[in-house]
Amino acid sequence: MWKHSQQALALVGRSQRCLLLPSSVSTISSKHPRTFLSTPIPEVAQMDLSINSYADLYNFSIEKPDIFWKAVSGRLDWHQKFITTIQGDFTTGVNWFVGGKLNVSVNCVDRHAKNHPDRVAIIYEKDEPGHHEFITYGQLKELVVKYAHILRTVGNVKKGDRVAFYLPCGPTACAMALACSRIGAVHSIVFAGFSADALASRMNDAGATVVITTDIARRGGKTLKLKKIVDDALEHAPCVKTVLVDARDGDTSRVKLQHPRDHFLQDLMNTSTKNVNDVIEYVDSNDPLFILYTSGSTGKPKGLVHTTGGYLLYAMFTYKNVFDHRDGDIFGCVADIGWITGHSYVLYGPLANGGTTLAFESTPIYPNPGRYWEMVQRLQLTHLYCAPTAIRLLLRFGSEWVQKYDRSSLRVLGSVGEPINHEAWQWFHEVVGEKRCVVRDTWWQTETGGICLTPRPSGPTDPVLPAMPMRAFYGIKPVLMNSAKSEGQEEGALCIEKPWPGLAQSIWGDPARFKEVYFKEFAPYYFSGDGAIKNADGYWRITGRMDDVINVTGHRLGTAEVEDAMDEHEFTSETAVVGYPHEIKGEGIFAFVVLKEGGKDLDRQKMEKELKKLCKERIAGYAIPDYILFHDGLPKTRSGKIMRRILRKIAAGETSPEKLGDISTLADPSVVKSLVKARESLK
Ligand code: WT7
């Protein structure tokens, strides 16, 4: 029996039997309709009788956003009604549902616990297949209330305080995030694959006073010493006063605590929750719910601030409509809670709708490449939402791994994080989904809070084309800037014209940077940083980032972050990092390094090792370059700017002069020739 079941049992004082998946879930999962998406037109449509198709509803949402979102907002429980639906614009800053007060944990837990206490809220799929736990809404509520009490009493957390998380994806992370929202605190979840340095800089930036972690985590059969990493990070993060440690499997013998700073959650659950006082902090709609850091084109990650009312409503409404959520669904989003996909579609979207969500702790290939499909069969998942990089990886292992397992429970498949290639889309659709499931490519970003481009609900005769997100979600009006037209299609910088409730409100501690990054270049629109194509039929396809951000195995990474890490080495004089196409990862990392005089005679292999170590220590394992090319110089313009366009081509192996383009503006064009030669020797 597993820890959380026991913990939850202790909380609710029920017999172990109650933890079996309640019959309401298991019976519903056996009668999945095998039809294509058929979400009924949301009831907002009924306010305007001229609406009789999804396209009409979309147009309505763009023309009358205030009426549209006001109608949608009725799906949340408001403690105090709001007065103004939308206030301001991109130039002034936007506020949503002004005057309204609500509590996120009440919306995601209490109201469902009241109506369906035995419905499963979270399925915790641990690293070892078959080691799953079910947490019902009733149990989740007890857990959230107790965690909130611990945060308040032991962590001294008050409204507006920041709480950092360094946790694997699981019920502790989910319930703690909800506990923060219950008391009006702001969570800042840091992906537990980041290094101690990266964790420290995020905690410092957010000014976190509490950090929550586990003694160890397990991922892909490996043991990760999370508490040790937190200890290292805390040497450089004096703002943190309290560490709450979840002892995995209840085993409190694994790590030593530093008193009085550190506490085991297990001990606190026994002692400090005797007289729990459930204080619900109803906050303003525009109060922050969480901060989430993401990479940009400079070295310093941005802490995007998401607000309570707008974000929650958008996560809830996109989840319901894009994935056609129905009662009894078992939603399998395999993203980690440390990314926005985990926030919106593991946690907030599904729970706000009263759904059953999966918290997946493992990897797609542990213990073998059948993991997803075995899990689909065992847990009767109705949805699988994952990244193209995982699909490409699994595709390589062959369809037998998929076909070994029964996937008849699946109804909707989703892809997120990077452009999905045709081969991966077809395999997902034909092999995984047996041509029976709808496939939704979903484009969005940490900044956007929820899905913005996706085939969305569409009519039975509306086409769904492979490998593109196609249509804008309700309320989203995409525009192409600096665009060029050819053969009926248009390509340019992907911007969004009008505010929508899910968009982040600011960058933590740096509102000026928020304006500068997103609203300056194509003012007065929001600029996503991506390029896109609108085809002759008006359908959208994403071409990729237009800035110095790359996408490695679905992880967003600023090339400047990697450069900063390598520049710390005493013998690097200059570095330039670019992405190049990689069959599985989407993009690989290619680093060009110029050494200082004293470094030129050093052992290159040793140097390479040291540079890779720096990337791992400063950022994370996935930030380690695939290639490091040492060279005497880099292609620069006469004003000294590195020509990344040329480096990208060289990294991609494009070596013929006509492919490299115009190099006449370089200060020293000969450097290109020698770089090409050096690149060839790396193959
Ligand atoms: C960047 C955002 C969206 C949540 C997970 C990633 C790329 C995302 C798609 C897609 C093409 C995509 C974009 C975007 N991206 N989804 N369906 N097709 N590209 O969030 O870490 O903030 O990264 O991921 O380049 O800007 P993120």
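Residues numbered from 1 in each chain as written. Predicted model: local features only at pLDDT ≥ 70, side-chain atom pairs only at ≥ 80, totals over all residues. Heavy atoms only, no water.

1. Examining the overall build of the protein chain
A count of helices and strands for the protein chain gives 22 helices and 30 strands. Its C-alpha radius of gyration of 25 Å places the protein chain within 12% of the 26 Å reference for a compact globule of 683 residues. Its C-alpha atoms give the protein chain principal-axis dimensions of about 75 × 65 × 55 Å. When burial is assessed residue by residue, the protein chain has 60% of its 683 residues classed as buried. Counted over contacts in the protein chain with a minimum sequence separation of 6, partners at least 24 positions apart contribute 71%. Here the protein chain has roughly 26,200 Å² of accessible surface; of this, 50% comes from carbon and sulfur atoms. Between the mean site of the 82 positive side-chain charges and the mean site of the 78 negative ones, the protein chain shows a separation of 3 Å. (Helix = DSSP H or I, 4+ residues; strand = E, 2+ residues; numbered from the N terminus. Rg over C-alpha atoms; globule rule 2.2 N^0.38 Å. Buried < 20%, exposed > 50% of the residue type's maximum accessible area, 1.4 Å probe, protein only. Contact = heavy atoms within 4.5 Å. Areas by Shrake-Rupley, 256 points an atom, 1.4 Å probe, with all protein chains shown as cover. Lys, Arg positive; Asp, Glu negative; His and termini not counted. Charge placed at Lys NZ, Arg CZ, Asp CG, Glu CD.)

2. Considerations on the pairing of strand β8 (residues 210–214)
Regular strands show a simple pattern: their side chains alternate between the two faces of the sheet. The buried fraction of β8 is high, at five of five residues. Neither face of β8 is exposed, since V210, I212 and T214 on one face and V211 and T213 on the opposite face are all buried. Inspection of the sheet shows strand β6 (residues 162–166) paired to β8 by four bridges, in the parallel sense. Note that in β8 the partner of Y166 across the bridge is T213. (Pairing = 2+ DSSP bridges.)

3. Points about the UniProt feature "domain: AMP-binding enzyme C-terminal" (unreviewed entry) in the protein chain
The feature "domain: AMP-binding enzyme C-terminal" (unreviewed entry), as annotated in UniProt, sits at residues 561–641 in this numbering. Note that residues 561–641 is 27% helix and 31% strand, and that its end C-alpha atoms are spaced 18 Å apart. (UniProt positions renumbered as here; feature names shortened; annotations may be inferred.)

4. Here we look at the layout of surface pockets
As a volume, the second largest pocket reaches approximately 320 Å³. Looking at the lining of the second largest pocket, the elements with two or more residues in it are α8 (196–206) and α18 (559–567). The biggest single contributor to the lining of the second largest pocket is α8, with five residues. Per-class residue counts for the lining of the second largest pocket are five nonpolar, two polar and eight charged. (1 Å grid on protein atoms, 1.4 Å probe; cavity = no way out; pocket = protein on both sides within 12 Å on 5 of 7 lines; lining within 4 Å. Points joined across faces, edges and corners; volume = space filled by probe spheres on them. Nonpolar A, V, L, I, M, F, W, Y, C, P; charged D, E, K, R; others polar.)

5. Topic: the packing of aromatic side chains
Across all of its chains, the model carries 44 aromatic pairs by this definition. Ring centres of F68 and F317 lie 5.9 Å apart, and the angle between their planes is 75°; on these two criteria the pair is classed as edge-to-face. Of this pair, F68 sits in helix α4 (residues 65–73) while F317 sits in helix α11 (residues 309–322), and the two are 249 residues apart along the sequence. According to the relative accessible area criterion, F317 is buried, its value standing at 1%. (Phe/Tyr/Trp six-rings, centres within 6.5 Å; stacked < 30°, edge-to-face > 60°.)

6. Structural notes on the packing of α18 against helix α19 (residues 604–618)
At a minimum axis distance of 8 Å, the contact between α18 and α19 shows a crossing angle of 120°. When the axis of α18 is compared with that of α19, the two are oblique. Between α18 and α19 the crossing geometry is right-handed. On the side of α18, the interface is formed by V562, A565 and M566, while α19 contributes L611, L614, C615 and R618. Taken together, the residues that form the contact of α18 with α19 break down as six nonpolar, no polar and one charged. (Axes fitted to C-alpha atoms, helices over the stretch in contact; angles between N-to-C directions. Parallel < 35°, antiparallel > 145°, perpendicular 65-115°, else oblique. Left-handed = near helix turned anticlockwise from the far one by under 90°.)

7. A closer look at the site of the ligand
The environment of the ligand is made up of 17 residues, and the closest members are D441, T442, T446, D530 and R556. Contact between the ligand and P419: a nitrogen atom at 3.4 Å from a main-chain N or O atom of the residue. Note that an oxygen atom of the ligand is positioned 2.5 Å from one of the side-chain N or O atoms of D530. Considering the ligand on its own, with 550 Å² of exposed area, one finds that the protein chains cover 95% of that surface. Residue assignment for the shell around the ligand shows that the elements contributing at least two residues are α12 (340–352), β20 (438–442) and β25 (540–545). (Near = heavy atom within 4 Å. Polar contact = N/O pair within 3.5 Å; in protein donor to acceptor, adjacent residues only side chain to side chain.)

8. Observations regarding the nonpolar core
In this structure, L140, L151 and Y348 are the most contacted members of the largest nonpolar core, which totals 108 residues. Looking at which element gives the most residues to this core, the answer is α11, with nine residues. Apart from residues no more than four positions distant in its own chain, L140 is found in contact with V109, A121, I122, I135, A175, L178 and L351. In this structure, L199, M203, A208 and L595 belong to the second largest nonpolar core, which totals 45 residues. (Core = buried A, V, L, I, M, F, W, Y, C linked by side-chain atoms within 4.5 Å.)

9. Section: the pattern of salt bridges
A full pass over the atoms with the stated rule returns 44 salt bridges. Residues R182 and D278 are paired through a salt bridge, measuring 2.9 Å at the closest nitrogen-oxygen approach. Here R182 is found in helix α7 (residues 171–182), whereas its partner D278 is found in the loop between α10 (265–271) and β13 (283–284), with 96 residues between them in sequence. Of the charged contacts in the structure, one is a salt bridge between R396 and E583, with a shortest N-O distance of 3.5 Å. Taken together, the residues R396 in helix α14 (residues 388–397) and E583 in the loop between β28 (572–582) and β29 (586–595) connect sequence positions 187 residues apart. One connected set of salt bridges, linked through shared partners, spans K126, E133, D215, R248, D249, D251, R254 and E361. (Salt bridge = Lys/Arg side-chain N within 4 Å of Asp/Glu carboxyl O.)

10. Quick notes on the side chain of N286
One can find N286 in the loop between β13 and β14 (288–294). Owing to a relative accessible area of 16%, N286 belongs among the buried residues under this scheme.

11. A word on helix α20 (residues 644–651)
Those residues of α20 that sit buried are R644, I646, L647, I650 and A651. End-on view of α20: buried residues confined to an arc of 155°, all on one side of the axis. Tucked into the core, α20 has its buried residues touching α18, β28, β29, α21 (657–660) and α22 (670–682). (Arc of directions from axis to C-beta.)

12. Thoughts on the pairing of strand β21 (residues 478–486)
Here seven bridges tie β21 to strand β22 (residues 489–496), and the two strands are oriented antiparallel to one another. Counterpart to M481 in the pairing with β22 is A493. Joining the antiparallel neighbours β21 and β22 is a turn of two residues, in which E487 adopts a positive phi near 50°.

13. Things to note about the sheet that holds β22
By definition, the strands of a sheet pair up through backbone hydrogen bonds, in either a parallel or an antiparallel sense. Spatially, four strands are ordered β21-β22-β24-β25 in an open sheet, and the strand pairing comes out antiparallel. Each edge of the sheet is formed by a strand with only one pairing partner; in this case those strands are β21 and β25. Neighbour-to-neighbour, the strand axes of this sheet turn through a mean angle of 30°, independent of strand direction. Inspection of the sheet shows β22 paired to strand β24 (residues 526–534) by six bridges, in the antiparallel sense. Along β24, the bridge assignment pairs G492 with A532.

14. Concerning the sheet that holds strand β15 (residues 302–307)
Reading across from one edge, β12-β11-β8-β6-β7-β14-β15-β23 is the order of the eight strands in this open sheet, with mixed pairing throughout. In this open sheet, the two edge strands, each paired with only one partner strand, are β12 (262–264) and β23 (506–507). In terms of strand pairing, β8 meets strand β11 (residues 242–246) through five bridges, oriented parallel. From the neighbouring strand, I212 faces β11, where its bridge partner is L244. Strand contacts of α8: β6, β8 and β14, with the helix running at about 145° to β14, the strand carrying the most contacts.

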